[in-house]
Amino acid sequence: MTGSVRAAHTALALTNGLLIDGTGAEPIRAASVQVDSEGAITYAGPDSLAPEVASGTTTVNVGGNAILPGFFDCHVHFCLPGGAADIGLTMALPASLKVFQIAERMRTTLEAGVTSARDLMGVDVGFRMAIDAGVIAGPRLVLSVGIVSSTGGHGDMTQLSGINVLPYLQSPGCFPAVADGEDQVRAMTRRILQAGADVVKIAATGGVLTPTDRPDDVGMSVAEIRAVVEEARSRRGGVHVAAHAQGRRGIQNALDGGVDSIEHGYDLTTEQRAQMVDEGTFLVPTLSEVMGSLDPSAGPVALAKKALWQGKARTNFPAAVAAGVKIAAGTDAGAAPEHGHNLRELGLLVDNGLTSMQAIVAATRHSAELCQLDHLVGTLEAGKRADIVVSDGNPLSNIQLLGDPANILLVIKDGVVAKDRAGFLTDRPVSPR
Ligand SMILES: [Zn+2]
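None of these values were measured; they are calculated from a predicted model. (Residues numbered from 1 in each chain as written. Predicted model: local features only at pLDDT ≥ 70, side-chain atom pairs only at ≥ 80, totals over all residues. Heavy atoms only, no water.)

Student: In this structure, what is going on with the overall build of the chain? I would like to understand it.
Tutor: The helix and strand inventory of the chain stands at 12 helices and 18 strands. Here the chain has a C-alpha radius of gyration of 21 Å; the compact-globule value for 433 residues is 22 Å, and the two agree. By principal-axis analysis of the C-alpha atoms, the chain measures approximately 65 × 45 × 45 Å. For the chain, restricting intrachain contacts to residue pairs at least 6 apart in sequence, the fraction spanning at least 24 positions comes to 69%. Put simply, the chain shows about 16500 Å² of open surface, and 53% of that area lies on carbon and sulfur atoms. Each charge class in the chain was averaged separately, 34 positive and 46 negative side chains, and the resulting centres sit 2 Å apart. (Helix = DSSP H or I, 4+ residues; strand = E, 2+ residues; numbered from the N terminus. Rg over C-alpha atoms; globule rule 2.2 N^0.38 Å. Contact = heavy atoms within 4.5 Å. Areas by Shrake-Rupley, 256 points an atom, 1.4 Å probe, with all protein chains shown as cover. Lys, Arg positive; Asp, Glu negative; His and termini not counted. Charge placed at Lys NZ, Arg CZ, Asp CG, Glu CD.)

Structure below.
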């Protein structure tokens with residue numbers, strides 16, 4: 001059961017926690033995190049060195065449980081339901097219902113411990129504004145609004161019937177972003193940024209789930225990708241570009257075009273891994289998507305594609321970890337993975353070569369860097385905004401704990417309590433550990 005939710009900032013002191021601060025530093029037992037009444041972290045460290053709290057501070061003994069930074073999911077699609085989506089059914093729903101469904105997915109994502117989410121297609125900036133204004137509950141949003149894609153590419157959702165289903169899937173303020181050639185992609189990037197996008201998403205290759213393109217297909221030329229990157233770089237101090245890229249030729253175009261992240265990256269080669277390390281390009285491996293099983297109703301062609309690309313990822317992702325590629329955490333929630341179990345991705349990262357600490361850093365500090373939010377959040381350090389999760393037990397000894405939202409006891413976003421499952425801030429007893 002979810003505990004009471006506070007709508008306002010209060011000065012807080014969490015004490016007696018296992019502090020895992022997101023920097024990769026050794027965990028600290030019997031630790032405190034203090035938050036002022038403006039929602040800023042003022043202290044994170046041992047209880048024994050903690051300054052005395054100001055009067056009016058609410059002190060919470062977290063009973064030895066883990067205190068972590070709020071987590072990131074760098075690849076979600078809140079407009080999609082997850083699981084076996086029936087596009088025909090989705091097309092029949094009124095737009096207003098879809099808005100409420102998206103809001104509900106955002107709330108469950110926040111309550112799963114994800115205090116920042118990067119949506120890479122399908123949500124317009126009204127949702128970000130609604131969350132920031134406290135109208136709905138949800139993570140900090142980093143939005144691409146659409147996917148810049150060539151005609152017939154992964155972001156062009158025109159079906160064999162001739163019907164483009166994208167407008168029925170996306171939130172009402174989004175638009176298809178199909179563009180061909182340098183001039184058109186440049187103009188489309190400008191339009192996406194004008195719509196308030198925080199990041200530009202491109203379709204550098206085809207994909208597993210689209211009917212007439214394949215992950216090996218090249219989606220955009222190097223010249224087109226360079227034009228997108230140049231436009232993004234020239235705005236707001238340098239907006240990042242994320243490339244949906246699965247097959248190796250399209251991955252190469254994306255890297256040569258200068259993108260900031262390879263999304264999926266299932267078929268990365270040794271040379272490409274080295275290039276990513278050299279250039280500091282992030283990999284968002286979306287293991288929740290590729291390692292999950294596909295619903296048999298998807299049909300034999302999709303199932304065969306899935307098996308093939310899962311096999312590639314099983315080999316190539318651990319090799320990327322070994323090569324030292326910077327990993328950020330993303331699930332593709334809404335595509336196949338369902339919303340609200342985002343932190344299962346950390347278990348998959350550990351199953352495929354990361355240590356538990358590396359997986360936590362990937363989903364906090366590294367993800368904050370990729371989302372250009374590292375000046376605000378991603379680590380628990382004095383001066384950062386208070387995005388904090390308290391989880392049951394010690395995720396360093398069992399990372400799978402984080403994947404079950406029942407183990408996410410407390411979620412604080414920007415200093416405001418968003419979930420209090422253990423009743424830390426009410427009078428319910430906390431079981432000691
Ligand atoms: Zn995706």
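Student: Looking at this structure, I do not really get the coordination of the zinc ion. What am I missing?
Tutor: Think of it this way: four donors in a tetrahedron around the metal ideally sit 109.5 degrees apart, and six in an octahedron ideally sit 90 or 180 degrees apart. For the zinc ion, the full set of protein donor atoms is H75 (NE2), H77 (NE2) and D332 (OD), and the range of their distances to it is 2.1 to 2.3 Å. Read in sequence order, the donor residues for the zinc ion give the motif H-x1-H-x254-D. Like H77, H75 is buried. (Donors = N, O, S within 2.8 Å, 3.2 Å for Na, K, Ca; no water. Buried < 20%, exposed > 50% of the residue type's maximum accessible area, 1.4 Å probe, protein only.)

Student: Even after reading the chapter, I still don't get the side chain of R128, so can you show me in this structure?
Tutor: For R128, the position within the fold is in helix α3 (residues 125-132). Only 3.2 Å separates the side chain of R128 from the backbone oxygen of G196, close enough to count as a polar contact. Sequence-distant contacts of R128, defined by excluding residues within four places in its chain, comprise L141, L143, G196 and D198. (Polar contact = N/O pair within 3.5 Å; in protein donor to acceptor, adjacent residues only side chain to side chain.)

Student: I would appreciate a short explanation of unusual backbone geometry in the present structure.
Tutor: For residues besides glycine, phi is generally negative; the peptide bonds are generally trans as well. In this model, M121 sits at a positive phi of 150 degrees, which is unusual for a non-glycine residue. Here M121 is to be found in the loop between β7 (114-119) and α3. Phi is positive for Q372, which is not a glycine, with a value near 60 degrees. Along the polypeptide, Q372 turns up in the loop between α12 (356-370) and β16 (388-391).

Student: What should I look at first to understand the pairing of strand β3 (residues 41-46) in this one?
Tutor: Along any regular strand the residues' side chains alternate between the sheet's two faces. Both strand β2 (residues 28-35) and β3 contribute to a ladder of five bridges, which runs antiparallel. The residue bridging A31 from the neighbouring strand is P46, located in β3. (Pairing = 2+ DSSP bridges.)

Student: Explain the pattern of salt bridges to me, please; I cannot follow it from the model alone.
Tutor: Evaluation of the coordinates by the stated rule reveals 18 salt bridges. The residue D414 makes a salt bridge to R140 at a minimum N-O spacing of 3.0 Å. Linking D414 in the loop between β17 (408-413) and β18 (416-420) with R140 in strand β8 (residues 140-143), this pair joins segments that are 274 residues apart in sequence. For D414, a relative accessible area of 23% puts it in the partly exposed group. The salt bridge involving E369 is made with R365; its shortest N-O contact spans 3.6 Å. You can see E369 and its partner R365 sitting in helix α12, four residues apart, about one turn around the helix. Connected through salt bridges with shared partners, the residues R186, R190, E230, E231 and R235 form a single ionic network. (Salt bridge = Lys/Arg side-chain N within 4 Å of Asp/Glu carboxyl O.)

Student: I tried to follow the nonpolar core on my own but got confused; where do I start?
Tutor: Soluble, globular proteins show a tendency: their nonpolar side chains are buried together. Counting 88 residues, the largest nonpolar core has F71, V200, I202, V259, I262, L283 and L346 as its most contacted members. The residues that make up this core include at least three from each of domain 1 (12-69 + 379-420) and domain 2 (71-370). Ignoring any residue separated from it by four or fewer positions in sequence, one finds V200 in contact with V148, T189, L193, V228, A232, V239, H240, V241 and A242. Judged by nonpolar contacts, the second largest core, of 21 residues, contains L14, A31, I67 and L410. (Core = buried A, V, L, I, M, F, W, Y, C linked by side-chain atoms within 4.5 Å. Domains from an automatic or database assignment.)

Student: Even after reading the chapter, I still don't get the environment of G206, so can you show me in this structure?
Tutor: Within the secondary structure, G206 is located in the loop between β11 (200-203) and α6 (222-233). Judged by its relative accessible area of 3%, G206 is buried. Separated by 64 residues in sequence, G206 and V142 place their C-alpha atoms 23 Å apart. When neighbours within four sequence positions are excluded, G206 is seen to be in contact with H154, D213, R214, P215, D217, H244 and Q246.

Student: Any chance you could explain the domain arrangement of the chain here in plain terms?
Tutor: The parts lose accessible area when they come together, and the size of an interface is often stated as this lost area. Structurally, the chain comprises domain 1 (12-69 + 379-420) and domain 2 (71-370). Here domain 1 and domain 2 have C-alpha centroids that lie 30 Å from each other. Residue-level contacts link 26 residues of domain 1 with 25 residues of domain 2. Across the domain 1 to domain 2 interface the summed buried area is about 2000 Å²; carbon plus sulfur atoms make up 66%. Scanning the region where domain 1 abuts domain 2 turns up two salt bridges. Put simply, D387 and R140 hold a salt bridge, and the shortest N to O gap is 2.7 Å. At the level of elements, β5 (66-69), β17 and β18 are the ones that each hand at least two residues to the side of domain 1 that touches domain 2. In terms of residue count, β17 provides more of the side of domain 1 that touches domain 2 than any other element does, four residues in total. For the side of domain 1 that touches domain 2, the per-class residue count stands at 15 nonpolar, six polar and five charged. (Buried area = accessible area lost by both parts, 1.4 Å probe. Nonpolar A, V, L, I, M, F, W, Y, C, P; charged D, E, K, R; others polar.)

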